[in-house]
Amino acid sequence: MEKSSSGTTLFRTDGLYYRTYRDEDGINTKFFIPYQNGVCFGFWGNSAGLEDLIESINNGDFDRYKDLPYIWGVYNVTGDSLTVEKWLSTGSLKYPSYRYNAKILNDTTLLFDLPLFGKMHFFPLEIKPDSTNAFID
C-alpha cells in the first residue's frame, strides 16, 4: 500500500489515538500516531497509562524507534474508512505486513476491526515524535 497525504478533516493528525485497558498483566495502552503525510507510528503498547506514554513522547524517548520497521506503517482514507498497513514483529528478521481497518466515527474516535485495538480516542500532543524513519520515504 502506498502512503497518501491524509488531507482529510474526518480525523485529527495533531496527536495520537489510544485505548487503555486492564488485562491479566495490568494496565495496557495501545496507541496509533497518524501523520499528515500518510505515515503512521504505532499499534504498539506499553504497560502504563496515557500519562506515562505522553511523558515518554515529551522526553524524546521515541527517537530510538526510528530504526525498527515494525513500528512504522502507512495509511489511506477512503470515505469514512481508514486502512493501515504496517509491518509485524515476528521475533526474527522477517517482518510480514498486515492491514488494519477502522471506521472513522468522528474526528476524535476510530473503531478498529481488531478487538485488541477496538475503539481508540484522540489525545492532542504539544510535541509529536518525528515521522522520519529508515523505511518509508
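No experiment lies behind these values; they were computed from the predicted model shown.

K.L.:
Which residues make up the nonpolar core, and what values do they have?
P.N.:
Counting residues in each nonpolar core, the largest one holds 19 residues, and the members touching the most others are Leu16, Phe31 and Phe41. Contributions of two or more residues to this core are made by strand E1 (15-23), strand E2 (26-34), strand E3 (39-46), helix H1 (50-58) and strand E4 (72-78). Tallying contributions element by element places H1 first for this core, with four residues. The contact partners of Leu16, leaving out residues within four places of it in the chain, are Phe31, Phe32, Ile33, Leu50, Leu53, Ile54, Ile57, His121, Phe122, Phe123 and Leu125. Phe43, Val84, Tyr100 and Phe122 belong to the second-largest nonpolar core, a separate cluster that totals 16 residues.

K.L.:
So, the pattern of salt bridges: which residues are in play, and what are the values?
P.N.:
For the structure shown, the criterion picks out three salt bridges. In this structure, Lys103 and Asp80 form a salt bridge, with 2.4 Å as the shortest nitrogen-oxygen distance. On the criterion of sequence distance, the pair formed by Lys103 in strand E6 (residues 97-106) and Asp80 in the loop between E4 and strand E5 (81-87) is long-range, its members being 23 residues apart. Exposure remark for Lys103: the relative accessible area of 41% places this residue in the partly exposed category. Overall, the relative accessible area of 34% leaves Asp80 in the partly exposed class. For the salt bridge of Glu85 with Arg99, the shortest nitrogen-to-oxygen distance reads 3.6 Å. A residue pair is termed long-range when its members are at least 10 positions apart, and Glu85 in strand E5 and Arg99 in strand E6 qualify at 14 residues. Residue classification places Arg99 among the partly exposed positions, given a relative accessible area of 43%.

What counts, and where the lines are drawn
- Residues numbered from 1 in each chain as written.
- Predicted model: local features only at pLDDT ≥ 70, side-chain atom pairs only at ≥ 80, totals over all residues.
- Heavy atoms only, no water.
- Core = buried A, V, L, I, M, F, W, Y, C linked by side-chain atoms within 4.5 Å.
- Buried < 20%, exposed > 50% of the residue type's maximum accessible area, 1.4 Å probe, protein only.
- Helix = DSSP H or I, 4+ residues; strand = E, 2+ residues; numbered from the N terminus.
- Contact = heavy atoms within 4.5 Å.
- Salt bridge = Lys/Arg side-chain N within 4 Å of Asp/Glu carboxyl O.

By themselves, these figures tell us nothing about what the structure is for.
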